[in-house]
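# Reading the structure
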Amino acid sequence: KMDLFTNKDGNHLLIQTSNGTNSLKYYLLDSKGSIIRNNTVETSGGASFPNITGTDNEIYIVYKLGNNLRYKKSTNQGNSWFDPVDESIGSNNCNGVEIAYDYRGLHIVYATQDNGSEYKTYYHLITSGTWGTQEDVTSTGGFPTVTVSDDHVYVSYNTGDDDPVEAGNQGAAKVRTKVGSNWQTPQ
């Protein structure tokens with residue numbers, strides 16, 4: 001698994017290795033695909049759901065590690081990373097993590113199997129390197145995605161409870177919008 005973010009300095013890749021340890025590698029590539037630099041940003045093993053985004057001056061990564069979501073930031077285009085900031089999400093299965101950045105901060109959604117066999121989707125906003133309060137997006141739904149515009153946050157999710165590679169996951173897709181500080185009715 002991997003994620004990509006592009007800014008003025010090039011293409012920033014965050015890759016989950018598949019060598020059995022699930023460490024995370026960061027690569028900065030130029031426009032021709034040549035490696036400018038790379039480093040390992042997580043070596044303890046078990047990392048999953050790699051996400052990367054940023055601005056022209058900062059790079060943000062979020063991933064799951066054990067029972068936590070881990071946030072790291074770089075202000076020198078991935079040459080080095082600030083100390084991680086973790087947020088506990090419990091030990092239940094997770095089926096998705098995604099991030100988006102705008103002027104308000106780093107928006108994070110994730111889903112864990114917290115409702116029997118059903119997944120629940122949650123939202124956090126990181127500002128000034130601090131995890132905001134966890135907000136429930138839905139009590140039934142997983143595989144979340146997030147995007148932002150103006151004062152809106154849009155979270156989509158699937159109400160099925162099976163693994164996405166199984167043909168049985170046929171739940172309805174829904175979107176829930178946060179306008180300012182208020183969550184709207186799912187559509």
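The present account deals with the structure reproduced in this document. (Residues numbered from 1 in each chain as written. Predicted model: local features only at pLDDT ≥ 70, side-chain atom pairs only at ≥ 80, totals over all residues. Heavy atoms only, no water.)

## Side note on the overall build of the chain
Definition in use: Each helix is a run of DSSP H or I of at least 4 residues and each strand a run of E of at least 2, with the numbering of both proceeding from the N terminus. We compute the radius of gyration from the C-alpha atoms alone; for a globule the expected value is 2.2 Å times N to the 0.38, where N is the number of residues. Each residue is placed in one exposure class: buried if its accessible area under a 1.4 Å probe, protein chains only, is under 20% of its type's maximum, exposed if it is over 50%, and partly exposed if it falls in between. Any two residues having at least one pair of non-hydrogen atoms within 4.5 Å are treated as being in contact. Note that accessible areas follow from Shrake-Rupley with a 1.4 Å probe, and for residues the cover is restricted to the protein chains shown. Positive residues here are Lys and Arg, negative ones are Asp and Glu, while His and the chain termini are left out of the count. In plain terms, the charge of a residue is placed at NZ if it is Lys, CZ if Arg, CG if Asp and CD if Glu.
Assigned secondary structure in the chain consists of zero helices and 17 strands. A compact globule built from 187 residues should have a C-alpha radius of gyration of about 16 Å, and the chain, at 16 Å, falls within 12% of that. Each principal axis of the C-alpha distribution contributes one length, and for the chain these read about 45 × 40 × 30 Å. When the 187 residues of the chain are sorted by exposure, 44% land in the buried category. Counting contacts in the chain only where the partners sit at least 6 residues apart, residues at least 24 apart contribute 35% of the total. Accessible surface, the chain as shown: approximately 9,000 Å² in total, 44% of it carbon and sulfur. Computing the positive centroid from 14 side-chain charges and the negative centroid from 21, the chain places the two 5 Å apart.

## Things to note about the sheet that holds strand β3 (residues 24-29)
Rules: Following DSSP output, two strands are said to pair if at least two bridges run between them. Only the stretch in contact is used when a helix axis is fitted, and all axes are lines through C-alpha atoms; the angle between N-to-C directions ranges over 0 to 180 degrees.
Ordered by their spatial adjacency, four strands build an open sheet running β1-β2-β3-β4, and the pairing between neighbours is antiparallel. With partners counted over all chains shown, the strands left at the sheet margins are β1 (2-7) and β4 (35-42), one partner each. Direction aside, the axes of adjacent strands within the sheet are offset by 15° on average.

## Looking at unusual backbone geometry
For phenylalanine 49, which is not a glycine, the phi torsion comes out positive at approximately 55°. Looking at where phenylalanine 49 falls in the secondary structure, it is placed in strand β5 (residues 47-54). Even without glycine at this site, glutamine 77 takes up a positive phi of about 55°. Along the polypeptide, glutamine 77 turns up in the loop between β7 (68-74) and β8 (85-88).

## So, the nonpolar core
Inclusion rule: In plain words, nonpolar cores are sets of buried Ala, Val, Leu, Ile, Met, Phe, Trp, Tyr and Cys residues tied together by side-chain atoms within 4.5 Å.
If you look at the biggest cluster of nonpolar residues, it comprises 15 residues, and the most contacted ones within it are Val62, Leu69, Tyr71, Val97, Leu106 and Ile108. Elements that contribute at least two residues to this core include exactly β6 (59-65), β7, β9 (94-102), β10 (105-115) and β11 (118-127). Filtering out sequence-adjacent residues up to four positions away, leucine 106 remains in contact with Thr53, Tyr60, Val62, Tyr71, Ile99, Ala100, Tyr101, His124, Leu125 and Ile126. Within the second largest apolar cluster, 13 residues are counted, among which are Leu24, Ile61, Leu65 and Trp81.

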